[in-house]
Amino acid sequence: MKRLFGKTLTELGSVAAEVGLPKFAAKQMADWLYKKNVVSIDDMTNLPKAGRAKLSESYEVGRTEPMDVAVSVDGTKKYLFGVKGGYIETAYIPDAERATLCVSSQVGCKMSCKFCMTGRQGFGAHLTAGEIVNQMASIPERDTLTNMVYMGMGEPMDNLEEVLKSIEILTSDWGYGWSPRRITVSTIGVMPQTVTFVEKCEAHLAISMHNAIHEQRLELMPTEKAFPIEKTVEALRKYDWTGQRRLSFEYTMFDKVNDSSAHVSAITKLLAGLRCRINIINFNSIPDSDLKGSSREKMERFRDQLNERGFTATIRNSKGGDIFAACGLLSTLEKQKGQK
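Conventions we followed
- Residues numbered from 1 in each chain as written.
- Predicted model: local features only at pLDDT ≥ 70, side-chain atom pairs only at ≥ 80, totals over all residues.
- Heavy atoms only, no water.
- Helix = DSSP H or I, 4+ residues; strand = E, 2+ residues; numbered from the N terminus.
- Rg over C-alpha atoms; globule rule 2.2 N^0.38 Å.
- Buried < 20%, exposed > 50% of the residue type's maximum accessible area, 1.4 Å probe, protein only.
- Contact = heavy atoms within 4.5 Å.
- Areas by Shrake-Rupley, 256 points an atom, 1.4 Å probe, with all protein chains shown as cover.
- Lys, Arg positive; Asp, Glu negative; His and termini not counted.
- Charge placed at Lys NZ, Arg CZ, Asp CG, Glu CD.
- 1 Å grid on protein atoms, 1.4 Å probe; cavity = no way out; pocket = protein on both sides within 12 Å on 5 of 7 lines; lining within 4 Å.
- Points joined across faces, edges and corners; volume = space filled by probe spheres on them.
- Nonpolar A, V, L, I, M, F, W, Y, C, P; charged D, E, K, R; others polar.
- Pairing = 2+ DSSP bridges.
- Right-handed = clockwise from strand over helix to strand, strands pointing away.
- Axes fitted to C-alpha atoms, helices over the stretch in contact; angles between N-to-C directions.
- Parallel < 35°, antiparallel > 145°, perpendicular 65-115°, else oblique.
- Left-handed = near helix turned anticlockwise from the far one by under 90°.
- Salt bridge = Lys/Arg side-chain N within 4 Å of Asp/Glu carboxyl O.
- Polar contact = N/O pair within 3.5 Å; in protein donor to acceptor, adjacent residues only side chain to side chain.

Peer 1: Sorry, what's going on with the overall build of the protein here?
Peer 2: Looking only at helices and strands, one finds twelve helices and 14 strands in the protein. Against the 2.2 N^0.38 benchmark of 20 Å for 340 residues, the protein shows a C-alpha radius of gyration of 21 Å, consistent with a compact globule. If one aligns the C-alpha atoms of the protein with their principal axes, the spans along those axes are about 70 × 45 × 40 Å. Relative to its 340 residues, the protein shows a buried fraction of 54%. For the protein, contacts bridging at least 24 residues in sequence account for 66% of all contacts bridging at least 6. Surface exposure of the protein reaches about 15200 Å², of which carbon and sulfur atoms provide 49%. Considering the protein, the positive charge centre built from 45 side chains and the negative charge centre built from 41 side chains are found 2 Å apart.

Peer 1: Please clarify how the layout of surface pockets should be interpreted in this entry.
Peer 2: Empty space among the atoms can be located by rolling a probe the size of a water molecule over them. The calculated volume of the second largest pocket comes to roughly 280 Å³. In terms of lining residues, the second largest pocket is bounded by 14 residues, among which Arg3, Lys84, Thr128, Gly130 and Glu131 are the most central. Going through the elements one at a time, strand E8 (123-126), helix H5 (129-137) and helix H6 (160-171) are the ones with two or more residues in the lining of the second largest pocket. The leading source of residues in the lining of the second largest pocket is H5, at three residues. Considered class by class, the residues forming the lining of the second largest pocket number three nonpolar, five polar and six charged.

Peer 1: So what exactly am I meant to see when it comes to the pairing of strand E10 (residues 183-187) here?
Peer 2: On a regular strand, one side chain projects to one face of the sheet and the next to the other, so that they alternate. E10 sits mainly inside the fold: five of its five residues count as buried. The side-chain alternation of E10 yields two buried faces, one formed by Ile183, Val185 and Thr187 and the other by Thr184 and Ser186. In this structure, strand E9 (residues 147-150) lies alongside E10, joined through three bridges in parallel fashion. Directly across from Met148, in E10, lies its bridge partner Ile183. Handedness of the crossover joining E9 and E10 through H6: right-handed. Of the pairings in the sheet, the one linking E10 to strand E11 (residues 204-208) comprises four bridges and is parallel in character. Bridge assignment links Ser186 to a residue of E11, and that residue is Ala206. For the segment spanning E10, helix H7 (residues 193-200) and E11, crossover handedness is right-handed.

Peer 1: Just checking my understanding: could you explain the packing of H6 against H7 for this structure?
Peer 2: Between two packed helices, what matters for the description is the angle formed by their axes and the separation of those axes. Taken N-terminus to C-terminus, the directions of H6 and H7 make an angle of 20°; their axes are 11 Å apart at the nearest point. What the angle tells us is that H6 and H7 run roughly parallel. The handedness of the crossing between H6 and H7 is right-handed. Taking contact as the criterion, the partners of Leu160, Leu164 and Ile167 in H6 are, on H7, Gln193, Thr196, Phe197 and Lys200. Grouping the amino acids of the contact of H6 with H7 by side-chain chemistry returns four nonpolar, two polar and one charged.

Peer 1: How do you make sense of the pairing of strand E13 (residues 277-282) when you look at a structure like this?
Peer 2: Of the pairings in the sheet, the one linking strand E12 (residues 247-253) to E13 comprises six bridges and is parallel in character. Along E13, the bridge assignment pairs Thr252 with Ile281. In this view, the connection linking E12 to its parallel neighbour E13 by way of helix H10 (residues 261-271) has right-handed handedness. Where E13 and strand E14 (residues 312-316) come together, five bridges link them in parallel fashion. Following the sheet pairing, Ile278 is matched in E14 by Ala313. Tracing the backbone out of E13, into helix H11 (residues 296-308) and back to the parallel element E14 gives a crossover that is right-handed.

Peer 1: Explanation requested: the pattern of salt bridges in the structure shown.
Peer 2: Charged atoms that come close allow side chains of opposite charge to pair. Considering all chains together, one arrives at 18 salt bridges under this definition. A salt bridge links Lys36 to Asp31, with the shortest nitrogen-to-oxygen separation between them at 3.3 Å. Classification of Lys36 as partly exposed rests on a relative accessible area of 44%. A salt bridge links Arg181 to Glu202; the nearest nitrogen and oxygen atoms lie 3.5 Å apart. Of the two residues, Arg181 sits in the loop between H6 and E10 while Glu202 sits in the loop between H7 and E11, which places them 21 residues apart along the sequence. Taking the relative accessible area as the measure of exposure, Glu202 reaches 41% and is therefore partly exposed.

Peer 1: How do you make sense of the sheet that holds strand E6 (residues 98-102) when you look at a structure like this?
Peer 2: One key point about sheets: their strands pair by backbone hydrogen bonds, in either a parallel or an antiparallel sense. Judged by pairing direction, the sheet is mixed, and its ten strands sit side by side in the order E3-E4-E5-E6-E9-E10-E11-E12-E13-E14 without closing on themselves. The open sheet is flanked by strand E3 (68-71) and E14, the only strands paired with a single partner. Between one strand axis and the next, the sheet turns through 25° on average, direction left out of account. The strands that H6 touches are E9 and E10; relative to E9, the one it contacts most, it runs at about 175°.

Peer 1: Help me understand empty space enclosed by the protein, please; the structure alone is not making it clear to me.
Peer 2: What the rule picks out here adds up to one cavity of 30 Å³ or more. Taken together, Arg3, Phe5, Gly62, Thr64, Phe81, Gly82, Val83, Ile88, Gly130, Glu131, Asn134 and Gln135 make up the full set of residues lining the largest cavity. When residues of the lining of the largest cavity are assigned to their parent elements, the largest contribution, four residues, is made by H5. When grouped by side-chain class, the residues that make up the lining of the largest cavity number four nonpolar, six polar and two charged.

Peer 1: Just checking my understanding: could you explain the side chain of Lys78 for this structure?
Peer 2: Position of Lys78 among the secondary structure elements: in strand E4 (residues 77-83). There is a polar contact of 3.3 Å between the side chain of Lys78 and the side chain of Glu89.

Peer 1: Looking at this model, I keep getting lost on H5. Mind explaining?
Peer 2: Structurally, the α-helix is built with 3.6 residues per turn, so residues lying three or four positions apart point the same way. The element H5 is extensively covered by neighbouring structure, given that nine of its nine residues are classed as buried. Listing the buried residues of H5 in full gives Ala129, Gly130, Glu131, Ile132, Val133, Asn134, Gln135, Met136 and Ala137.

Here is the structure:
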């Protein structure tokens, strides 16, 4: 059966025409799917009964519930979903008045970053827009969410078409009506997709930098060879970041790898004159890795040095480490193995 959930208003218009429903039925279906959260076509009671029957011959709503949830001592929750290509994880992160959902865009990831568990499992499949939005729509906390970040499993720019469709559903008045300023999409800097995203979408952009020195970034992130951070920054300088839309750079700190004054100088040179934020992230150790996280003292000194140079640098609090829900820890590799 084909799924209605995850279709845009234009696509629902095509579905309506296909089954002989009037054009305005597309808006009615969108209302049921994204505002009233129905799980059955039979619940779409303002569609004619014959139309619902015809629709049900080929389509279903297609919402799916989480298969499992792990709860951290700090309140973070990690949801497990089954999708066509395997499994994905989604992290719900409460923090004072904020409640952030970290969603996945792929099963696994192709990018193979040295410090990320997701990269170790390799790439499984692209998620559809419906599978992305479903991570928000099907959890009990959906009505309390303040923000959504595309920082879970996968590289969003490697699945840009479906990511853009999912954001259209989240931000359109016929969808969930979110402001794009509630959404941040993270990328290692895949080109030209990152530029396409900037031009087509108003959501915030986060670049996974982690080192501003080419040779050292290449050691951490093999994709630096194809997508050098210097070229990414050069491309982003062409756009206006002085308004409400935010450009940020993610910087996970590793002891004696990227936490020296020389690295502060490299960042200063790379980002000079660019209005942006730098988020310093504590490294969450992963099995069989020689990387170690920098001390809190080093992280604070690094932050202060950047702020002294005119940047806005902050240290992001890490949550959900005890359930492997923190940054870089999402992985369903063992789950995949169990199904073989």
